[in-house]
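As a plain string of letters, each chain reads:
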Amino acid sequence: MTIYHPPGSPDSKVTFKPRYENWIGGEWVKPVKGQYFEDISPVNGKPLAEVARGTAEDIELALDAAHRAAPAWGKTSATARADILNKIADVIEANLEMLAVAETWENGKPVRETLNADIPLAADHFRYFAAAIRSQEGYFAEMDGSMTAYHYHEPLGVVGQIIPWNFPILMAVWKLAPALAAGNAIVLKPAEQTPVTILMLVELIGDILPPGVLNIVNGFGVEAGKPLASSPRIRKIAFTGETTTGRLILQYAAANIIPATLELGGKSPNVFFKDVADHDDAFYDKCQEGFVMFAFNNGEVCTSPSRALIEKPIYDSFLGDAITRTKKAVLGNPLDTDTMVGAQSSNDQLEKIMSYIDIGKQEGAKLLLGGERVDLGGDLAGGFYVEPTIFEGHNKMRLFQEEIFGPVLAVTSFDGYDDGISIANDTLYGLGAGVWSRNGNIAYRAGRDIQAGRVWVNNYHAYPAGAAFGGYKSSGIGRENNRLALSAYQQTKNLLVSYSEDKLGFF
Amino acid sequence: MSVIDNVVASVTVPGETIPRVEFLPVTVELLRTLWDQYGPLMFHQSGGCCDGSSPMCFPEGDFRTSDQDVLLGRLDIAPAGGAPQVLDFWMSSEQFEYWSHTFLTVDVVKGRGSGFSVEAPEGVRFMIRSRLMDGFGPQL
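Note that the coordinates shown come from a computational prediction; the quantities given were computed from them, not determined experimentally.

Trainee: Would you take a moment to explain the overall build of chain B for this structure?
Mentor: Helix and strand content of chain B: two helices and eight strands. Going from N to C terminus, chain B has its helices and strands arranged as β-β-α-β-β-β-β-α-β-β. Against the globule reference of 14 Å for 140 residues, chain B gives a C-alpha radius of gyration of 14 Å, in line with a compact fold. Considered along the principal axes of its C-alpha atoms, chain B spans approximately 45 × 35 × 25 Å. Split into buried and exposed, the 140 residues of chain B put 45% on the buried side.

Rendered as structure tokens:
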């Protein structure tokens, strides 16, 4: 057990600067309008630093820098870019504890997760895309004996990226790594809830990348995100967030005739077939943990398994064991490595979660566990903590249909395979799902029948670089976390070459 | 200072007779300030992750609605005797199928960020509180 010292205290791994600027053209640049906003730590509800409040003017400066850098960067060799990505990975790894503690302080998630998931995955993600770009080949086709079509991958140029607050560094890296590997220059806007750790990362890796290749403008969606997403000076926009903003971004992209990739969340079913309870063994224990995964990252995950579907014959016994298991999830100081559930990311997030607990009760869902805000007292008294909460109800309730983005689980039963799949697919979304069975045939069929981009079979919440991630239905467009993401940041150039002296004969 | 009342929406869903949306006084007050800054405004209710499930407030027309959206109501935030200041409140049709049994109250809470919604820089955000509507229940 380790309890990390809070940032700012003498023995802490982290010292925040009082103020963070925008990162443009390889240097810190003050916002044109000179305004700043406070970044609040959800751990104690207190400000941790001031951050530049960027506007359209700052986005233009960043786009200027990106356009200056893009041509040369786009012509570097894949070898050189892979080398840079690997160096970035090394720096992240060398600063693991510092970045993990900072991420926990800014986002509220338990430090056991930032130490073992967020930051190591970020490093590995850069390495994966270093390998992917090194090993990517163009392709050609022989049209006939004297004509060949060559296909080259070319970077798009300057791209825009808008990052969410639930995994501030990792979600940025999911977008940065493929874009950089493919040779694009980037203007990135972090979430206004969690801008600082990305800026700490760029402080560490700033001299590895040529100036202007990566530019970061902080600020609010309406003031900085919108001018970026709607700019005619980007060749692609990538966004992770919710449906209304996703649609708005598609509208801006339509106006500029550019591609957009969107990851818009979900309401992921976690389906437990009756045979999981055939034995009380290590696998049953794994299934029980799989149920409690709704509390991972305090439930603030787009793929949170927030609907548990349990087959009728084992419903009471499996659910009973799972509630006992969930009670053992330790809620507490996010900087304590024993803590499993930390702080929700912001006050409004906490308020929204509580409003869902309220509507759940009104709709007649039965509260089985939790349901209350928690005051941890002492230094953490102002933080945003909610008990892991379990409701039993029906899939048509709003509790089962909306992404609460908190540690709130909606549980129901199903009667046989077809009923289970039907409930699992009765949702607007299709991002993630879990399937648990000892029977490989059932697990396979269920995995294929559930309409979601990622179905975890006999596991949940693993995010290894290389496994494609993205949504069906209203959960978005495009894939990340796999070499497929390169194509979202590349043009295809076709050289159609004639090796013949003979004219076509038309004129 | 004049006391502001709740503003209840007009009924705009075809075939219905009772309103579906209301603004609290604190919401009306904030919206009047934002109206002065941005001009006419609209709401579109979001779903999905991060800032999802929140009512997003945009300059009117900035978000293009379509046949895939339902107009839940129109709300006039103008002070008594003033020129009308009417906001449309929209939701996607597919989302409405799952929300139709609930009455929505738009509140304001302290917070940070909400997509491209215009209130975020004020350090607050709009939030939905829900109650069951008379005569409606989840479509079992």
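Trainee: Can you walk me through helix α11 (residues 347–362) of chain A in this structure?
Mentor: Because an α-helix packs 3.6 residues into every turn, residues spaced three or four apart end up facing the same way. Between its first and last C-alpha, α11(A) extends 23 Å over 16 residues, near the 22 Å set by a 1.5 Å rise per residue. Of the residues flanking the end of α11(A), it is A:G364, one or two places downstream, whose phi is positive at about 95°.

Trainee: Whenever I open this one, the packing of helix α2 (residues 78–94) of chain A against helix α4 (residues 111–135) of chain A confuses me. Can you help?
Mentor: Between two packed helices, both the angle of their axes relative to each other and the distance between the axes serve to describe the pair. Residue and element names in this part refer to chain A. Two numbers describe how α2 lies on α4: the axes approach to 8 Å, and their chain directions differ by 170°. Overall, the two elements α2 and α4 adopt an arrangement that is roughly antiparallel. From α2, A78, T79, R81, A82, L85, N86, I88, A89, I92 and E93 reach across to α4, where they touch I119, A122, A123, F126, R127, F129, A130, I133 and R134.

Trainee: I would appreciate a short explanation of the pairing of strand β6 (residues 139–144) of chain A in the present structure.
Mentor: The side chains of a regular strand alternate, residue by residue, between the two faces of the sheet. Residues and elements named next belong to chain A. Of all the six residues making up β6, zero are buried; the element is thus mostly uncovered. Pairing of β6 with strand β7 (residues 147–155) involves five bridges; the strand directions are antiparallel. Bridged to F140 within β7 is Y150. Between β6 and the antiparallel strand that follows it, β7, lie two residues.

Trainee: Looking at this model, I keep getting lost on α4(A). Mind explaining?
Mentor: Counted at 1.5 Å a residue, the expected span for α4(A) with its 25 residues is 36 Å, and the 35 Å between its end C-alpha atoms agrees. Of all the bends found along α4(A), the most pronounced is centred on A:L121 and spans about 30°.

Trainee: Got a minute to help me understand the sheet that holds strand β5 (residues 69–76) of chain B in this structure?
Mentor: Backbone hydrogen bonds are what pair the strands of a sheet, in a parallel or an antiparallel way. Residues and elements named next belong to chain B. As summarised here, the arrangement of the four strands in space is β4-β3-β6-β5, forming an open sheet in which the pairing is mixed. Looking at which strands have only one partner, the edges of the open sheet turn out to be β4 (55–59) and β5. Averaged over all pairs of adjacent strands, the angle between strand axes in this sheet comes to 25°, irrespective of strand direction. Contacting β3 (41–45), β4 and β6 (86–92), helix α1 (residues 25–38) crosses the sheet at an angle of about 115° to β3.

Trainee: Got a minute to help me understand the interface of chain A and chain B in this structure?
Mentor: Frequently, the measure chosen for interface size is the accessible area that the parts lose on association. Each partner contributes to the interface: chain A provides 43 residues, whereas chain B provides 38 residues. Elements supplying a minimum of two residues to the side of chain A that touches chain B: α7 (221–229), α8 (243–256), α11 and α12 (398–401) of chain A. With seven residues, α11(A) is the largest single contributor of residues to the side of chain A that touches chain B.

Trainee: Where do I start with the confidence of the model for chain B in this structure?
Mentor: Parts of the model with low pLDDT should not have their predicted coordinates read in detail. Residues with a pLDDT of 70 or more make up 96% of chain B, whose mean pLDDT is 93. Across the predicted assembly, pTM comes out at 0.97 and ipTM at 0.95.

Trainee: How do you make sense of the nonpolar core when you look at a structure like this?
Mentor: The tendency in soluble globular proteins is for nonpolar side chains to be buried side by side. All names here are of chain A. With 193 residues, the main nonpolar core has A66, L85 and V187 as its most contacted residues. Among the elements that take part in this core, α4 stands out by supplying 13 residues, more than any other. If sequence neighbours within four positions are ignored, V187 has contacts with I59, A62, L63, A66, V158, G160, N215, V217 and L228.

Reading guide: rules and limits
- Residues numbered from 1 in each chain as written.
- Chains lettered and ligands numbered in written order.
- Predicted model: local features only at pLDDT ≥ 70, side-chain atom pairs only at ≥ 80, totals over all residues.
- Helix = DSSP H or I, 4+ residues; strand = E, 2+ residues; numbered from the N terminus.
- Rg over C-alpha atoms; globule rule 2.2 N^0.38 Å.
- Buried ≥ 20, exposed ≤ 12 C-beta atoms within 10 Å, placed from the backbone.
- Expected span 1.5 Å × (residues − 1).
- Axes fitted to C-alpha atoms, helices over the stretch in contact; angles between N-to-C directions.
- Parallel < 35°, antiparallel > 145°, perpendicular 65-115°, else oblique.
- Contact = placed C-beta atoms within 7 Å.
- Pairing = 2+ DSSP bridges.
- Bend = angle between axes of the 7 residues up to and from the residue.
- pLDDT = per-residue confidence, 0-100.
- Core = buried A, V, L, I, M, F, W, Y, C linked by C-beta atoms within 7 Å.

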